[in-house]
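A look at the structure
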Amino acid sequence: MNLKTLSSEGKIAYLIKPILKVLQEAGGQLERSEIKERIADMDDQIAEYSVLEKKSKITAGYMLIGILVCLFISEVNGFLLSYFKYDEYYVTTTITPITEEIAKALPVLYFAFLFSDKRETLISLSIATGIGFAILENLMIFVANVEYVSLFWAAVRGFSSGLMHGLCTAAVGIGLSFVHKKKKLFVCGTFALLIVAITYHAIYNTLIQSEHQILGAILPMATYVPVLIVMYGNKIFKKEKSK
């Protein structure tokens, strides 16, 4: 029986026995968090589900943070646009990739310093931050240009932009995973990956505004698929090695 695939009623039926057992043993002397820990200790599936639920909440929270970061950085970019005499092409291909990638990396850096520097967790949070950022950014672009874009192009642009922002922030997240393990590598590695993310972002913005728009839309997918294959292959290799 897989707890994750059960309905709400099935989950309650599965959890009720360990909950009652822990409550009987506790006799009203345990805090809520301690009761949760004891229930998780009684069953591996409950423990796994508890961790998964916690991760999903954090990921959703970081997606919201990405939206807030976009809201903040849009004001900064607006100021920079006016400073450079409203040269939109120059600003979006040279300046905004720097400001946006730095702003997206800061919440992930905060999490890595204070909570966890596990690579898988940081990559998940980085992608969530990037996607959240892209959601609001695309919404603002589409509202401003609603008369000039088709529904199909809006969908393609939204998907490719979300993937691009997620990949760029995830690249920086890999460097942040060394924050407590290898501090020297953390500093130079994160800086190098941030430069890579900024450059990739600038290339995407340049292509998407040129006559080669379709290449800009395809670029994130062409990058994501090989990365996904390598990560999946490494995961299978580690599982086989641990057997």
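Just above sits the structure.
So, here is what we can say about the structure in this document. None of these values were measured; they are calculated from a predicted model. (Residues numbered from 1 in each chain as written. Predicted model: local features only at pLDDT ≥ 70, side-chain atom pairs only at ≥ 80, totals over all residues. Heavy atoms only, no water.)

1. Some words on helix α4 (residues 88-114)
Test applied: Helix and strand labels come from DSSP, where a helix needs a run of H or I of at least four residues and a strand needs a run of E of at least two; each type is numbered from the N terminus. The span one expects for a helix is its residue count, reduced by one, times 1.5 Å. A residue's bend is the angle separating two fitted axes: one through the seven residues that end there, the other through the seven that start there.
In a regular helix each residue adds 1.5 Å, so 27 residues correspond to 39 Å; α4 covers 38 Å between its end C-alpha atoms and thus fits that length. Approximately 45° is the largest bend angle found in α4, and it occurs at threonine 96, with the proline proline 97 only one to four residues beyond.

2. Digging into the packing of aromatic side chains
For clarity, the cut-off: The aromatic pairing rule takes the rings of Phe, Tyr and Trp, using the six-membered ring of Trp, and pairs them if the centres are within 6.5 Å, calling planes under 30 degrees apart stacked, those over 60 edge-to-face and the rest tilted. A simple rule labels every residue: compare its accessible area, found with a 1.4 Å probe on the protein chains alone, to the largest value its type can have, and call it buried under 20%, exposed over 50%, or partly exposed in between. Geometrically, a charge over a ring is one whose NZ (Lys) or CZ (Arg) sits within 6 Å of the ring centre while staying within 35 degrees of the ring normal.
Under the counting rule described, the total for this entry stands at five aromatic pairs. Arranged with centres 5.9 Å apart and planes meeting at 85°, the rings of tyrosine 62 and phenylalanine 111 form a pair that is edge-to-face. One end of the pair, tyrosine 62, is in helix α3 (residues 44-83); the other, phenylalanine 111, is in helix α4, with 49 residues separating them in the sequence. Overall, the relative accessible area of 8% leaves tyrosine 62 in the buried class. A residue is classified by how much of its surface remains accessible, and phenylalanine 111, at 8% relative accessible area, is buried. Taking the centre distance of 5.2 Å and the plane angle of 85° together, the rings of tyrosine 83 and phenylalanine 84 count as edge-to-face. On the basis of relative accessible area, tyrosine 83 is assigned to the exposed category, the value being 59%. Chaining the aromatic ring pairs together yields one cluster made of Tyr62, Tyr110, Phe111 and Phe115. The positively charged end of lysine 104 is found above the aromatic ring belonging to phenylalanine 133, 5.6 Å away from the centroid.

3. Quick word on the environment of phenylalanine 113
To be explicit about the condition: Whether two residues touch is decided by their heavy atoms; if any such pair falls within 4.5 Å, the residues are in contact.
Considering the arrangement of structural elements, one finds phenylalanine 113 in helix α4. For the pair formed by phenylalanine 113 and leucine 176, sequence separation is 63 residues and the distance between their alpha carbons is 8.8 Å. Apart from the residues lying within four places of it in its own chain, the contact partners of phenylalanine 113 are Val179, His180 and Phe186.

4. Here we look at the packing of helix α5 (residues 119-144) against helix α6 (residues 151-176)
The criterion, for reference: Axis definition: a line fitted to C-alpha atoms, limited for helices to the stretch in contact. Angles are taken between N-to-C directions and run from 0 to 180 degrees. Helix crossings are classified by the rotation of the near helix relative to the far one: an anticlockwise turn of less than a right angle makes the crossing left-handed, while a clockwise turn makes it right-handed.
The interhelical angle for the contact between α5 and α6, taken along N-to-C directions, is 145°, at an axis separation of 7 Å. Here α5 runs over α6; the crossing is right-handed.

5. Side note on the nonpolar core
Stated precisely, the cut-off is as follows: Nonpolar cores were defined as sets of buried Ala, Val, Leu, Ile, Met, Phe, Trp, Tyr and Cys residues, with membership established by side-chain atoms within 4.5 Å.
Within the largest apolar cluster, 23 residues are counted, with the highest numbers of intra-cluster contacts made by Leu122, Val172 and Leu176. Those elements that provide at least two residues to this core are α4, α5, α6 and α7 (183-208). The biggest single contributor to this core is α7, with seven residues. Apart from residues no more than four positions distant in its own chain, leucine 122 is found in contact with Val108, Phe111, Ala112, Ser116, Asp117, Gly173, Leu176 and Ser177. In terms of nonpolar packing, the next biggest core, distinct from the first, is built from six residues, Val69, Ile73, Ala103 and Leu136 among them.

6. Details of a positive patch on the surface
Applicable threshold: Only residues above 30% relative accessible area that lack a salt bridge enter a patch, with like-charged residues linked at up to 9 Å and the nonpolar side chains Val, Leu, Ile, Met, Phe, Trp and Tyr linked at up to 5 Å. Surface accessibility follows the Shrake-Rupley procedure with a 1.4 Å probe radius. Residue values consider only the protein chains on display as shielding. A carboxyl oxygen of Asp or Glu within 4 Å of a side-chain nitrogen of Lys or Arg is what we treat as a salt bridge. Residues scored as charged are limited to Lys and Arg (positive) and Asp and Glu (negative), so that His and the chain ends carry no count. To locate a charge, take atom NZ for lysine, CZ for arginine, CG for aspartate or CD for glutamate.
Residues Lys55, Lys118, Lys235 and Lys239 make up a contiguous surface patch of positive charge. By the element assignment, lysine 235 lies in helix α8 (residues 213-242).

7. Some details on the packing of α6 against α7
In plain terms, the rule: Just so you know how the angles are binned, under 35 degrees is roughly parallel, over 145 roughly antiparallel, 65 to 115 roughly perpendicular, and the rest oblique. Charged residues are taken to be Asp, Glu, Lys and Arg, nonpolar residues to be Ala, Val, Leu, Ile, Met, Phe, Trp, Tyr, Cys and Pro, and polar residues to be all remaining types, Gly included.
Running from amino to carboxyl end, α6 crosses α7 at an angle of 165°, the nearest separation of the two axes being 7 Å. When the axes of α6 and α7 are compared, the pair comes out roughly antiparallel. The handedness of the crossing between α6 and α7 is right-handed. Across the contact of α6 with α7, the residue classes tally to 15 nonpolar, six polar and one charged.

As far as function goes, none of this settles anything; it's purely spatial.
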